[in-house]
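Topology and contacts: notes
Residues per chain, in single letters:
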Amino acid sequence: MTDISAPAVAPRTSTRTGLMRRLRSTEGYQEEITGTPGSRFLRHVVLIGLGLVMLYPLMWMVSASFKPSTAVFNDTGLIPAQWDFTNYSSGWSALEYPMETYLYNSMVIAVLNIIGNIFSCSITAYCFARLKFRGRKLMFAMTLGTMLLPSHVVLIPQYVVFSKLGWINTYLPLTVPAFLATNAFFVFLLVQFMRGLPMELQDAARIDGCGPLRTYWSIILPLTVPALATVAIFTFIASWNDFFSPLLYLTDQVLFTVPLALRQFMSAQGASQWGPMFAMSIVSLLPVIAFFFIGQRYLINGIATTGMK
Amino acid sequence: MSAATVDRGVSRPRRRGTSERGDRIAYALLIPWFIGMLFTLIPFGISLYLAFTDYDLLTSPNWVGLDNFREFISDPKAATAARVTLTYTFVAVPISLVVALGVALLLNRGVRGLRFYRSAFYLPSLIGASVAVVMLWRSIFGYAGIVNQVLAWFGIQGPGWTTDPDWALMTLVTLSVWGFGAAMVIFLAGLRQIPRMYYEAASVDGAATVRQFLSITLPLLSPVLFFNLVLGLIGSLQTFTQAYVFSGGTGGPADSTLFFNLYLYIQGFQRFDMGYASALAWVMFIVIAAFTALNFLVSKRWVFYDD
């Protein structure tokens, strides 16, 4: 937290165990349950009630995806009175291309973004966290500064450059920036993590004749895996959900990502195709939800770390 | 950039532990970063230039001085867009933060199944800006949607939330509040950092729960609250996907969800008035920078660092 206003780049070995524990722990909380049995019960009532309100829209959508389109707003029960499994098959092929085209496109972009962010952000973070060179503080401060820059300020010139390069209707505008360490948030997260790794490791490697690149690859990168998992999962979710960049750069249907395709249910099909629309909405959310359940400890520990020192 | 930095410092005394060679290796490893930074900073400058031009992407930019900014001041749609965005931000961000803090406090008291609750509350924040969920929101707040069905149980005839200009924006506010989980997780991590002995000492001194919250929790949590506030404001002011999908790209009904970024998109990429769109982008940038600077200034009065 304090680092945002005043980046202190000195290695702080004292915090290493704390930070590593935070990113690695499966359950970071000391379970100490306070209060009388009555207040504990009340707490659960409040939490369960809130949880139901939060998750009800999603449950309703799952239910709606199995209802005939005409019944979506008439059949109010969560269990469909009449099951309709055809929503999934008809929704799958309702658009110009079958759904697998869009899923594949989204997946290609997401995987490229993950690879790009993992390598470019980690090597950049390694330089900021572990190497000494002139201009380091300034450069790190600049990186943090770009976090406060609204993306729309650079949008138009970037669009102009991409269109002059002939990159419209390619995946290049959606993937190349990830290879250039442009995500300051991830660089910051990785710098915080790498600063916590013991400096002695690096000294030992140097004595053994490891250069900086070798040290990065063989020593630092393997130790950074928990933080890289956080980066990978966040990247996947952000890339998968991204609507604006594909909207801007992709106009050819065959290149569309899932969000772009999904939106067409709303405009093209009108209001009558509720069932297939919700079915495909579920399909579009499943990968995110799957990644969430697989990697939630990295997500929660990662997001918690960014708000801390 | 790297070459310049290296050359300038040749004759200067070196800090201990650095070397020319070390510098060069670091700069080489930072080549992707340099390119990325140039690719951010140069467009940043160019967009300022374009803000003073008339530009449609096909012909070269034509200098028009302050015309775009004059147009902005007299453009009623731009005023609407600013009002919509600020209203949304000033309603959605405080509500989200209060809910996030409240739930975090509840969870921090210790409950069985903490992990389950935390996941259930956190998941929505990851999908709240997805096209699927925005379309879902439109449906559940539709005239015959579940929100009105629930209201009907209590004998209330709800409005057409998505078609009534008075309510459409509030519908998006509820979607924003639904995503309180990200802030909640940060609050929870912050609460965990507060040493338990402070509370024990306060209890011994006879401080009640409310007193403990005001005198211990709130001050020690203030850096985290500040962090969430700054991120929330910056994020809310830049809302786009929700508005676009919700209104089918128009900002309707009756411009009630015409967010600033959506208006910028319409001007720049539908009307190809990229000069005016750049001016809008710079107005946005200045407002966000001003908010953030103000936040940091005011934070000196209320954010407490326990170092």
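Conventions we followed
Residues numbered from 1 in each chain as written. Chains lettered and ligands numbered in written order. Predicted model: local features only at pLDDT ≥ 70, side-chain atom pairs only at ≥ 80, totals over all residues. Helix = DSSP H or I, 4+ residues; strand = E, 2+ residues; numbered from the N terminus. Buried ≥ 20, exposed ≤ 12 C-beta atoms within 10 Å, placed from the backbone. Contact = placed C-beta atoms within 7 Å. Rg over C-alpha atoms; globule rule 2.2 N^0.38 Å. Core = buried A, V, L, I, M, F, W, Y, C linked by C-beta atoms within 7 Å. Domains from an automatic or database assignment. Expected span 1.5 Å × (residues − 1). Nonpolar A, V, L, I, M, F, W, Y, C, P; charged D, E, K, R; others polar. Axes fitted to C-alpha atoms, helices over the stretch in contact; angles between N-to-C directions. Parallel < 35°, antiparallel > 145°, perpendicular 65-115°, else oblique. pLDDT = per-residue confidence, 0-100.

**Some details on the overall build of chain A**
- Counting its secondary structure elements, chain A contains 15 helices and 0 strands.
- Counting over 309 residues, chain A shows a buried share of 42%.
- Considering only contacts in chain A between residues 6 or more positions apart, those separated by 24 or more positions represent 79%.

**Side note on the overall build of chain B**
- In terms of regular secondary structure, chain B is built from 15 helices and 2 strands.
- Here the C-alpha radius of gyration of chain B, 25 Å, is well above what a compact globule of 307 residues would show, namely 19 Å.
- With the principal axes as the frame, chain B shows a C-alpha extent of 65 × 60 × 35 Å.
- Put simply, chain B has 307 residues, and 39% of those count as buried.
- Looking at chain B alone, contacts between residues at least 24 apart form 69% of all its contacts between residues at least 6 apart.

**Quick notes on the nonpolar core**
- Within the largest apolar cluster, 153 residues are counted, with the highest numbers of intra-cluster contacts made by L190 and V231 of chain A together with M184 of chain B.
- Viewed by domain, this core spans two of them, domain 1 (2-50) and domain 2 (70-302) of chain B, each represented by three or more residues.

**Thoughts on helix 5 (residues 76-108) of chain B**
- Taking 1.5 Å of rise per residue, 33 residues should cover 48 Å, and helix 5 of chain B covers 47 Å from first to last C-alpha, within 8% of that figure.
- Positive backbone phi, at 90°, marks G110 of chain B, one or two positions downstream of helix 5 of chain B.

**Quick look at the interface of chain B and chain A**
- Taken together, the contact pairs 84 residues of chain B with 74 residues of chain A.
- In terms of residue class, the side of chain B that touches chain A is built from 57 nonpolar, 21 polar and 6 charged.

**Re the packing of helix 6 (residues 114-127) of chain B against helix 10 (residues 181-192) of chain B**
Residue and element names in this part refer to chain B.
- Close contact between helix 6 and helix 10 brings their axes to 7 Å; oriented N to C, the two are set at 135°. The pairing of helix 6 with helix 10 is recorded here as oblique in orientation. Touching R118, F121, Y122, L123, P124 and S125 of helix 6 are G181, A182, M184 and V185, all from helix 10.
- In terms of residue class, the contact of helix 6 with helix 10 is made up of 7 nonpolar, 2 polar and 1 charged.

**Side note on unusual backbone geometry**
Residue and element names in this part refer to chain B.
- Following G252, the chain continues to P253 via a peptide bond in cis, the omega torsion being -5°.
- Turning to its location among the elements, P253 is positioned in the loop between helix 13 (241-247) and helix 14 (260-270).
- A positive phi angle, close to 50°, is found at A254, a residue other than glycine.
- Mapped onto the elements, A254 comes out in the loop between helix 13 and helix 14.
- The phi torsion at F272 lies on the positive side, around 55°, for a residue other than glycine.
- Considering the arrangement of structural elements, one finds F272 in the loop between helix 14 and helix 15 (274-302).
- For F272, a count of 14 C-beta atoms within 10 Å puts it in the partly exposed group.

**Concerning the environment of P219 of chain B**
All names here are of chain B.
- Summarising the element assignment, P219 is placed in helix 12 (residues 209-237).
- Assessed through the 16 C-beta atoms surrounding it within 10 Å, P219 is described here as partly exposed.
- As for P219 and Y305, which are separated by 86 residues in sequence, their C-alpha atoms are 8.3 Å apart.

**Looking at the environment of D203 of chain A**
- Locating D203 of chain A in the fold gives a position in helix 10 (residues 199-207).
- It is 51 Å that separates the C-alpha atoms of D203 of chain A and L50 of chain A, two residues lying 153 residues apart in sequence.

**Considerations on the confidence of the model for chain B**
All names here are of chain B.
- Of all residues in chain B, 93% have pLDDT values of 70 or greater, and the mean over the chain is 89.
- pLDDT under 50 marks residues 1-12. Its contacts with residues more than four places away, or in other chains, come to 8 contacts.
- Confidence metrics for the complex model read pTM 0.88 and ipTM 0.88.

**A few points about the confidence of the model for chain A**
- Looking at chain A, pLDDT values average 84 and 85% of them are 70 or higher.
- The low-confidence segment residues 1-30 of chain A, where pLDDT is below 50, has 52 contacts with residues more than four positions distant or belonging to other chains.

**Things to note about the environment of S163 of chain A**
- Structurally, S163 of chain A can be placed in helix 7 (residues 152-164).
- Expressed as a C-alpha distance, the spacing of S163 of chain A and Y249 of chain A, which sit 86 residues apart in the sequence, is 8.7 Å.

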